[in-house]
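Chain by chain, the residues run as shown.
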Amino acid sequence: AVPFIGYHYVKMYRDKICGGSIQFSHAVLFTIFMYMFASLLVAVAHYAYFQFIDHGFIINSYIQLWDELMTKTPALMENQEIIKEIEPQNLIMMGDSAGGGLALALEEKLGEENIEVPEKLILISPWLDITMTNPKIDKVQENDKDLSKEKLKIAGILYSGEKENSSYLVNPINGPINKLKNVTIYTGTYDILNPDTHLLQEKAKKEGIDIQIKEYEQAPHIWIINNINKQDELQLKAYQDLVCDIQ
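Note that the structure is a prediction, hence the values are computed from the model and not measured.

Parameters at a glance
- Residues numbered from 1 in each chain as written.
- Predicted model: local features only at pLDDT ≥ 70, side-chain atom pairs only at ≥ 80, totals over all residues.
- Heavy atoms only, no water.
- Helix = DSSP H or I, 4+ residues; strand = E, 2+ residues; numbered from the N terminus.
- Buried < 20%, exposed > 50% of the residue type's maximum accessible area, 1.4 Å probe, protein only.
- Contact = heavy atoms within 4.5 Å.
- Pairing = 2+ DSSP bridges.
- Axes fitted to C-alpha atoms, helices over the stretch in contact; angles between N-to-C directions.
- Core = buried A, V, L, I, M, F, W, Y, C linked by side-chain atoms within 4.5 Å.
- Patch = residues over 30% accessible without salt bridge, like charges linked within 9 Å, V, L, I, M, F, W, Y side chains within 5 Å.
- Areas by Shrake-Rupley, 256 points an atom, 1.4 Å probe, with all protein chains shown as cover.
- Salt bridge = Lys/Arg side-chain N within 4 Å of Asp/Glu carboxyl O.
- Right-handed = clockwise from strand over helix to strand, strands pointing away.
- Phe/Tyr/Trp six-rings, centres within 6.5 Å; stacked < 30°, edge-to-face > 60°.

Draft legend 1. Just the overall build of the protein, in detail. When you go through the protein residue by residue, the secondary structure sums to nine helices and four strands. When the helices and strands of the protein are listed from N to C terminus, the series reads α-α-α-α-β-α-β-α-α-β-α-β-α. The burial tally for the protein puts 36% of its 247 residues in the buried class. The long-range fraction of contacts in the protein, counting pairs at least 24 apart against all pairs at least 6 apart in sequence, stands at 73%.

Draft legend 2. Inspection of the sheet that holds strand S2 (residues 120-124) at higher detail. The parallel open sheet is built from four strands, whose spatial order is S1-S2-S3-S4. For this open sheet the edge positions go to strand S1 (92-96) and strand S4 (211-216), each flanked by a neighbour on one side alone. Sheet twist, expressed as the mean angle between neighbouring strand axes with direction ignored, is 15°. Across the sheet, helix H8 (residues 194-206) touches strand S3 (183-188) and S4, and the angle it forms with S4 is around 155°.

Draft legend 3. Molecular detail of the nonpolar core. Ranked by size, the top nonpolar core spans 19 residues in total, and within it Leu104, Leu121, Ile185, Leu200 and Ile211 carry the most contacts. Elements supplying a minimum of two residues to this core: helix H5 (98-112), S2, S3, H8 and S4. Here the element with the most residues in this core is H5; it accounts for three residues. If we ignore the near neighbours within four places in the chain, the residues touching Leu200 are Leu104, Leu128, Ile173, Ile177, Ile185 and Ile211.

Draft legend 4. Spotlight on a nonpolar patch on the surface. A cluster of nonpolar side chains, namely Leu29, Phe33, Met36, Phe37 and Leu40, defines an oily patch on the protein surface of about 480 Å² accessible area. Within the secondary structure, Leu40 is located in helix H2 (residues 24-54).

Draft legend 5. The arrangement of the pattern of salt bridges in detail. Tallying each qualifying case throughout the model produces seven salt bridges. A salt bridge links Glu112 to Lys109; the nearest nitrogen and oxygen atoms lie 3.8 Å apart. Separated by three residues within a single helix, Glu112 and Lys109 lie in helix H5, roughly one turn from each other. By relative accessible area, which is 10% here, Lys109 ends up buried. Here Lys109 makes a salt bridge to Glu113, at a shortest N to O gap of 3.5 Å. On the basis of relative accessibility, which here comes to 34%, the residue Glu113 falls in the partly exposed class. Each of Lys11, Arg14 and Asp15 takes part in one network of salt bridges that share partners.

Draft legend 6. Layout of the pairing of S3. Of all six residues in S3, six are buried; the element is thus mostly enclosed. Covered by surrounding structure in S3 are Val183, Ile185 and Thr187 together with Thr184, Tyr186 and Gly188, the residues of both alternating faces. Where S2 and S3 come together, four bridges link them in parallel fashion. Looking at the pairing, Leu123 lines up with Ile185 of S3. Both S3 and S4 contribute to a ladder of six bridges, which runs parallel. Counterpart to Thr184 in the pairing with S4 is Gln212. Handedness of the crossover joining S3 and S4 through H8: right-handed.

Draft legend 7. Spotlight on the packing of aromatic side chains. Under the counting rule described, the total for this entry stands at four aromatic pairs. Ring centres of Tyr186 and Tyr216 lie 6.2 Å apart, and the angle between their planes is 5°; this geometry places the pair in the stacked category. A residue pair is termed long-range when its members are at least 10 positions apart, and Tyr186 in strand S3 and Tyr216 in strand S4 qualify at 30 residues. Considered together, Tyr186 and Tyr216 belong to a single accessibility category, that of buried residues. Here Tyr216 and Trp223 contribute two aromatic rings whose centre-to-centre distance is 5.2 Å and whose plane-to-plane angle is 55°, an arrangement assigned as tilted. Neither residue differs from the other here; Tyr216 and Trp223 are each classed as buried. These aromatic residues form a ring-pair network of at least three members: Tyr186, Tyr216 and Trp223.

Draft legend 8. Representation of unusual backbone geometry. Look at Gln218: it is not a glycine, yet its phi comes out positive at around 65°. Inspection of the secondary structure assignment puts Gln218 in the loop between S4 and helix H9 (233-246). With a relative accessible area of 53%, Gln218 lands in the exposed category. Positive phi is not limited to glycine here, since Ile222 has a value of about 40°. Inspection of the secondary structure assignment puts Ile222 in the loop between S4 and H9.

Worth remembering: the numbers are spatial, not functional.
Now the structure itself:
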């Protein structure tokens, strides 16, 4: 619908402002500015909502829902019984990017609730800390063409709410890791989320937890699963490694 709305407003601009005719370059420039200001208005509306109205309502709702699932939902107990019947080596938790952070947070929450965690945890370019305070990020940013530190910080605030951005459920790098096992992280050196993977590994070592990092030089964010190209040796090698880890 958006392209048709854009066409409608360009047509109105041509007919009512430009006297019925408009140069192509003029129309293109008008369209660019129209979409730019529309995006700004939407961004301001989102910011106003999350900053002054939401106050962490969405993330708090998820936390409350999770707590209810963990304590009050019969289905969860049934699933726990099913899990007990499955060999642990057949259970693998995986996630990429923000999903990688969610997968780690979920496993930390399971451990905190004394629920057996899956045998393997595989994270691909995980977002481990929404505050993006690792000082090494700025250096990597010079080579990362996909992600922006400042944009991720804003997204993190909008997602978590200012009052909840210290929770390990959105910053799993700060969560309880003592129950983790067989954790493998795939990361590239051209990904601004890379430094936090090493920070997590250092934290784990202090607690006697082994986290294996498979790092690929000059690889960007989630390169391993993004438009698989059999001619890309770096991507193919990482993909083969991932398949072996899953098996």
